[in-house]
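Structure at a glance
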Amino acid sequence: STQSTWVVAASLRWHGQDAAVAEALDLLQAVLLACLVAELLLKLALHASLRGFASNRWAMLDSTLVLGTVVCVAADVPLSLVSLRAARHLLLVRRIPRTDDLQRVLNHAVVGLWPVATLLGFMLLVFTIFAIMGVQLFRGRFRTDSALYPNPRMHFDTLHHAYFTLFLIMTGDNWANPMYSALI
């Protein structure tokens, strides 16, 4: 579909890309954007009135995403923000048949999101407290004279590096490096 091709074309950029490939991708994105706008205009024309179009929630979601894409392309927003166009795939949800069993599964999934969000909020609070404590206690104390690690990534000099270091320690990934860097 057009939306899938658009997402793939938007994600094919990389740093140091050949100029010819970048121009070809820009042309492909312009053609796909024109197709998306034409599709939106056809949907608008097929509805009897603007009120009929506005009453359809899926059409409004689609038009918001397409107009947002046009604004992002016109404003030359970086790729990381423009990639949110993948939300157009939410339109496929309307093709799922409406059954009681499926509705019950979706309701339980939505109800189950609240405890997960509460847990993530609590973890963010704990991370913030320990990151601030780490910055206060260990700022500038990590060894940087080592030949292996002249500028360690895992340290507590800034708050965002403290978050990164705490996350790596929490997951157990390479937790020994910050420990050895902190030894004096």
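The present account deals with the structure reproduced in this document. One numbering rule holds for all chains: residues counted from 1, following each sequence as written. Under the rules for a predicted model, residues below a pLDDT of 70 receive no local features and side-chain atom pairs below 80 are neither given nor counted, while totals for whole chains, interfaces and linings still include all residues. The side-chain numbers reported here are obtained from all heavy atoms of the structure, hydrogens and water having been left aside.

**Observations concerning helix H2 (residues 19-46)**
- A helix here means a DSSP run of H or I that spans at least four residues, while a strand means a run of E at least two residues long, and both kinds are numbered starting from the N terminus. A helix is expected to reach a length of 1.5 Å times the quantity of its residues less one. With 28 residues, H2 extends 40 Å between its outermost C-alpha atoms, agreeing within 8% with the 40 Å of an ideal straight helix rising 1.5 Å per residue.
- Along H2, the residues that are buried comprise Ala22, Leu25, Gln29, Leu32, Leu33, Leu36 and Leu40. With a 1.4 Å probe rolled over the protein chains alone, any residue whose accessible area is under 20% of its type maximum counts as buried; one over 50% counts as exposed, and the rest are partly exposed.

**Examining a nonpolar patch on the surface**
- Taken together, Leu119, Phe122, Leu125, Ile129, Phe130, Met133, Leu137 and Phe138 make up a surface patch of nonpolar side chains, about 780 Å² in accessible area.
- Here Ile129 shows up in helix H6 (residues 100-138). Like charges are joined within 9 Å and nonpolar side chains (Val, Leu, Ile, Met, Phe, Trp, Tyr) within 5 Å, but only among residues with over 30% relative accessible area and no salt bridge; these make up the patches. The method behind every accessible area is Shrake-Rupley, applied with a 1.4 Å probe, and residues are considered shielded solely by the protein chains displayed. A carboxyl oxygen of Asp or Glu within 4 Å of a side-chain nitrogen of Lys or Arg is what we treat as a salt bridge.

**What about the packing of H6 against helix H7 (residues 159-171)?**
- What counts as an axis is a line fitted to C-alpha atoms, over the stretch in contact for a helix, and the angles between N-to-C directions run from 0 to 180 degrees. Where H6 meets H7, the closest approach of the two axes is 9 Å, and the angle between their N-to-C directions is 115°. Viewed along their axes, H6 and H7 form a crossing whose handedness is right-handed. Residues Met123, Phe127, Thr128, Phe130, Ala131, Ile132 and Val135 of H6 pack against Leu159, Ala162, Tyr163, Leu166, Phe167 and Met170 of H7.
- Throughout, the ten residues Ala, Val, Leu, Ile, Met, Phe, Trp, Tyr, Cys and Pro are labelled nonpolar, Asp, Glu, Lys and Arg are labelled charged, and all others, Gly among them, are labelled polar. The residue makeup of the contact of H6 with H7, split by class, is 12 nonpolar, 1 polar and no charged. For any pair of crossing helices, the crossing counts as left-handed if the nearer helix is rotated counterclockwise from the farther one by less than a right angle, and right-handed if it is rotated clockwise. Two residues qualify as a contact provided that any one of their heavy atoms is within 4.5 Å of a heavy atom in the partner residue.

**Describing H7**
- If you check H7, its first and last C-alpha atoms are 18 Å apart, about what 13 residues at 1.5 Å a residue would give, namely 18 Å.
- Where H7 is concerned, the buried positions are Ala162, Thr165, Leu166 and Leu168. Angular distribution of buried residues about the axis of H7 spans 160°; they occupy a single face of the element.
- Phi turns positive one or two residues past the end of H7, at Gly172, with a value near 80°. The arc in question is the one traced by the directions running from the helix axis out to the C-beta atoms.

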